[in-house]
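Structural overview
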Amino acid sequence: QVQVVESGGGLVQAGGSLRLSCAASGTLFSINAMGWYRQAPGKQREFVAGITTGGVTNYPDSVKGRFTISRDNAKNTVYLQMNSLKPEDTAVYYCYAHSVVVTTTVYWGQGTQVTVSS
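What comes next concerns the included structure. (Residues numbered from 1 in each chain as written. Predicted model: local features only at pLDDT ≥ 70, side-chain atom pairs only at ≥ 80, totals over all residues. Heavy atoms only, no water.)

Focus on the sheet that holds strand 3 (residues 18-26)
The 4 strands lie next to each other as 1-3-8-7, forming an open sheet whose pairing is antiparallel. Only two strands of the sheet have a single neighbouring strand rather than two, namely strand 1 (2-7) and strand 7 (67-72). Pairwise comparison of adjacent strand axes, ignoring direction, gives a mean angle of 20° for this sheet. Taken together, the 6 bridges between strand 1 and strand 3 define a ladder with antiparallel strand orientation. Residue pairing for strand 3: Ser-7 is matched across the bridge by Ser-21. (Pairing = 2+ DSSP bridges. Helix = DSSP H or I, 4+ residues; strand = E, 2+ residues; numbered from the N terminus. Axes fitted to C-alpha atoms, helices over the stretch in contact; angles between N-to-C directions.)

Looking at the nonpolar core
Met-34, Trp-36, Leu-80, Met-82 and Tyr-93 are the most contacted members of the largest nonpolar core, which has 29 residues in total. At the level of elements, strand 1, strand 3, strand 4 (31-39), strand 5 (46-52), strand 7, strand 8 (77-82), strand 9 (91-100) and strand 11 (112-117) are the ones that each hand at least two residues to this core. Sequence-distant contacts of Leu-80, defined by excluding residues within four places in its chain, comprise Leu-18, Arg-19, Leu-20, Trp-36, Val-48, Ala-49, Phe-67, Thr-68, Ile-69 and Tyr-93. (Core = buried A, V, L, I, M, F, W, Y, C linked by side-chain atoms within 4.5 Å. Buried < 20%, exposed > 50% of the residue type's maximum accessible area, 1.4 Å probe, protein only. Contact = heavy atoms within 4.5 Å.)

Points about the environment of Gly-109
Summarising the element assignment, Gly-109 is placed in the loop between strand 10 (104-108) and strand 11. Sequence separation of Gly-109 and Leu-85 is 24 residues, and the distance between their C-alpha atoms is 22 Å.

As for unusual backbone geometry
You will see that Asn-76, though not glycine, has its phi angle at about 50°, which is positive. Positionally, Asn-76 belongs in the loop between strand 7 and strand 8. A relative accessible area of 31% places Asn-76 in the partly exposed class.

Examining the state of the cysteines
In total, this model carries 1 disulfide according to the counting rule given. Paired by a disulfide, Cys-22 and Cys-95 hold their sulfur atoms 1.9 Å apart. On the S-S bond that ties Cys-22 to Cys-95, the torsion sits near -80°, and the link is left-handed. Of this pair, Cys-22 sits in strand 3 while Cys-95 sits in strand 9, and the two are 73 residues apart along the sequence. Residue classification places Cys-22 among the buried positions, given a relative accessible area of 0%. With relative accessibility at 0%, the residue Cys-95 sits in the buried group. (Disulfide = S-S within 2.5 Å.)

Let's talk about the environment of Val-101
Looking at where Val-101 falls in the secondary structure, it is placed in the loop between strand 9 and strand 10. Residues Val-101 and Lys-43, spaced 58 residues apart in sequence, show a C-alpha to C-alpha distance of 32 Å.

Focus: the environment of Ser-25
Take Ser-25: it is sitting in strand 3. In this structure Ser-25 comes out as partly exposed when scored by relative accessible area, which is 35%. Between the alpha carbons of Ser-25 and Asn-76 there is a distance of 7.3 Å; along the sequence they are 51 residues apart.

Points about the packing of aromatic side chains
Summed over all chains, the structure comprises 4 aromatic pairs. Aromatic pair Tyr-37 and Tyr-96: ring centres 5.5 Å apart, planes at 70°, arrangement edge-to-face. In this pair, Tyr-37 is assigned in strand 4 and Tyr-96 in strand 9, connecting sequence segments 59 residues apart. By relative accessible area, which is 10% here, Tyr-96 ends up buried. For Arg-45, the ring lying beneath its charged end belongs to Tyr-94, and the centroid distance is 3.9 Å. Geometry around Trp-108 places Arg-45 over its ring, the cationic atom sitting 4.7 Å from the centre. (Phe/Tyr/Trp six-rings, centres within 6.5 Å; stacked < 30°, edge-to-face > 60°. Lys NZ or Arg CZ within 6 Å of the ring centre and 35° of its normal.)

This is the structure:
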């Protein structure tokens, strides 16, 4: 079992910055990737950023150049630095941990609200 807990959401003006944190605990050796999705009201959950245990990162075009994902292995924590925020970035942000033991399981956090005002 893996548990993930997000923190760091809030309200920010357009053009501002926020940093989200995601701390993992439990069967940490099984995790091969972590990252973030987001879901805005009335929309499907969409991928925001991911990072593998080897440090390979991935972003969709919508956030590339504005968002940066990083990890602190000593703290078992992943960060999402969000710069140049836009109102369309408003959503609940969910952290995930991709775990492989015998089968693949994705563990989700409870979500943290990010609101960008215009």
